[in-house]
Amino acid sequence: VQAILTQATLPDVSDMARLTSPLEALFELEGKHVVVSAAPIRLPSGETAGFVALFRDVTREVQAESAKREFIATISHELRTPLTAILGYSEALYGGMVGPLMPTQSTFVRIIHDNARRLVAIANNLIAMAEAEQGRLRLNYIPTDPALIAAEVVESFIPRMKERQLEWRLEMEDDLPLAEVDPIRIRQVLTNLVSNAVKFTYPGGRITVGVATVREPGGGPPQYVRIWVQDTGIGIPLEEQPCIWERFYRSENPLRAEAGGLGLGLSIVRTLVEAHGGRVWLDSAPGKGSTFTILLPLRRPTSLLPHTDEDVYPTIEQAIGL
Ligand SMILES: Nc1ncnc2c1ncn2[C@@H]1O[C@H](COP(=O)(O)OP(=O)(O)O)[C@@H](O)[C@H]1O
Ligand SMILES: [Mg+2]
């Protein structure tokens, strides 16, 4: 055992005789993944008489997990290609590129287009989840007009908002500066937020998307851009608010079955916003509606704050006095 552990170069377990508390570790040895669980055997005198160690070969589990991720990533990419063709051709039809359509035809084409877009959004979320899990999430920072993205995302939901008899509104600050962000990811973030707002708001409600800059309290040039998606929908009870960011979490609510969804949207919103060095939060009350706000640095962050520590982020909000 000693020899195996030494070979596995696990300095902290290589001298197991000195083990004072139970230990569990995963290591690779000769191409195999092994979990070791070890604990000291204590004599009543307090002396350590030895240890028990259990070795479990988890190679198959580890391989299955990585095959599953690979599968999700591949299938999502494969889905996106034909969907892009469906989107392109239905846009061409709807736009009258091959001649005028009868009203019913154009309604049907629009339904095809809208649903293809929903599938693309699902595929994009699965791809982002797989990338984040594999640590392969790379951002492509480009000077971007956040108001333009917000307006385009809202526009893409107009058919669905009309169908659900929702009103919508844009609140954009004038002369917004460009933000150094990954425009594709920010579009995905806003798509997920607006999609939720539309799903969880009853007919007659209203959705507002706003964009504004944020300065440090001392003045100076703006440091952040704030984007909010507000709805007058069902709201989220306080006790559920921490859970909604978890993967596959969908809260119990009257619209849940009707609305559909995988419960991935918000976990991806958080992952993508934090990858930008930003922050996202929620204000919501049942029956009143919800406001999701994201705060993004206007400049690409040179070094990211570690986001494992829960209370790193409130300091950003405090810093800008929100
Ligand atoms: N705007 C909103 N209003 C009310 N509830 C919301 C809103 N956005 C998200 N939620 C709640 O959070 C859950 C998780 O959202 P999300 O991760 O986007 O998953 P999905 O949209 O697939 O259900 C939703 O199922 C819903 O219960
Ligand atoms: Mg969603």
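Data block above holds the structure.
Residues numbered from 1 in each chain as written. Chains lettered and ligands numbered in written order. Predicted model: local features only at pLDDT ≥ 70, side-chain atom pairs only at ≥ 80, totals over all residues. Heavy atoms only, no water.

**What about the nonpolar core?**
Quick note on the threshold: Nine residue types can take part in a nonpolar core, namely buried Ala, Val, Leu, Ile, Met, Phe, Trp, Tyr and Cys, and a core is a set of them joined through side-chain atoms within 4.5 Å. Between buried and exposed lies partly exposed: a residue is buried under 20% and exposed over 50% of the maximum accessible area for its type, with that area taken using a 1.4 Å probe on protein chains only. Strands are runs of DSSP state E lasting at least 2 residues, helices are runs of H or I lasting at least 4, and numbering of each runs from the N terminus. Each domain span listed reflects an automatic or database assignment of domains. Contacts are assigned to residue pairs that have any heavy atoms within 4.5 Å of one another.
Counting residues in each nonpolar core, the largest one holds 46 residues, and the members touching the most others are Leu190, Leu193, Phe292 and Ile294. Ranked by the residues each element gives to this core, the list is headed by helix H6 (residues 183-199), at 7 residues. Looking at this core, you find at least three residues from each of domain 2 (69-133) and domain 3 (143-320). Sequence-distant contacts of leucine 190, defined by excluding residues within four places in its chain, comprise Ile149, Ala150, Val153, Ile227, Val229 and Ile294.

**Section: the pairing of strand E10 (residues 289-297)**
This is how the line gets drawn: Strand pairing is assigned whenever DSSP identifies at least 2 bridges connecting the two strands.
Burial analysis of E10 places 9 of its 9 residues in the buried class, which makes it a mostly covered element. Side chains Gly289, Thr291, Thr293, Leu295 and Pro297 of E10 all project onto a buried face; the interleaved residues Ser290, Phe292, Ile294 and Leu296 project onto the opposite face, where all are buried too. The pairing of strand E8 (residues 219-231) with E10 spans 8 bridges and is antiparallel. Across the sheet, valine 229 pairs through a bridge with phenylalanine 292, a residue of E10. When strand E9 (residues 279-285) meets E10, the two strands line up antiparallel, connected through 7 bridges. In the strand pairing of E10, serine 284 is matched with serine 290. Between E9 and the antiparallel strand that follows it, E10, lie 3 residues; glycine 287 among them carries a positive phi value of about 85 degrees.

**Brief notes about the site of ligand 1**
Rules: When at least one non-hydrogen atom of a residue lies within 4 Å of a molecule or strand, that residue is treated as near it. In protein, a polar contact requires one atom able to donate a hydrogen and another able to accept it; more generally it is a pair of N or O atoms within 3.5 Å, and residues adjacent in sequence count only if both atoms are side-chain atoms. Throughout, the Shrake-Rupley method with a 1.4 Å probe supplies accessible areas, and for residues the shown protein chains are the sole cover considered. Asp, Glu, Lys and Arg are counted as charged, while Ala, Val, Leu, Ile, Met, Phe, Trp, Tyr, Cys and Pro are counted as nonpolar; the rest, among them Gly, fall into the polar class.
As a matter of local geometry, ligand 1 sits amid 21 residues, with Asn196, Lys199, Asp231, Ser251 and Gly263 nearest to it. Arginine 250 is positioned with one of its side-chain polar atoms (N or O) 3.2 Å from an oxygen atom of ligand 1. In the environment of ligand 1, an oxygen atom lies 2.6 Å from a nitrogen or oxygen atom belonging to the backbone of glycine 263. Protein chains shield 97% of the accessible area of ligand 1, which is 540 Å² for the free molecule. Listing elements by their share of the shell around ligand 1, those giving two or more residues are H6, helix H8 (265-275) and E10. Looking at which element gives the most residues to the shell around ligand 1, the answer is H6, with 3 residues. Taken together, the residues of the shell around ligand 1 break down into 10 nonpolar, 8 polar and 3 charged.

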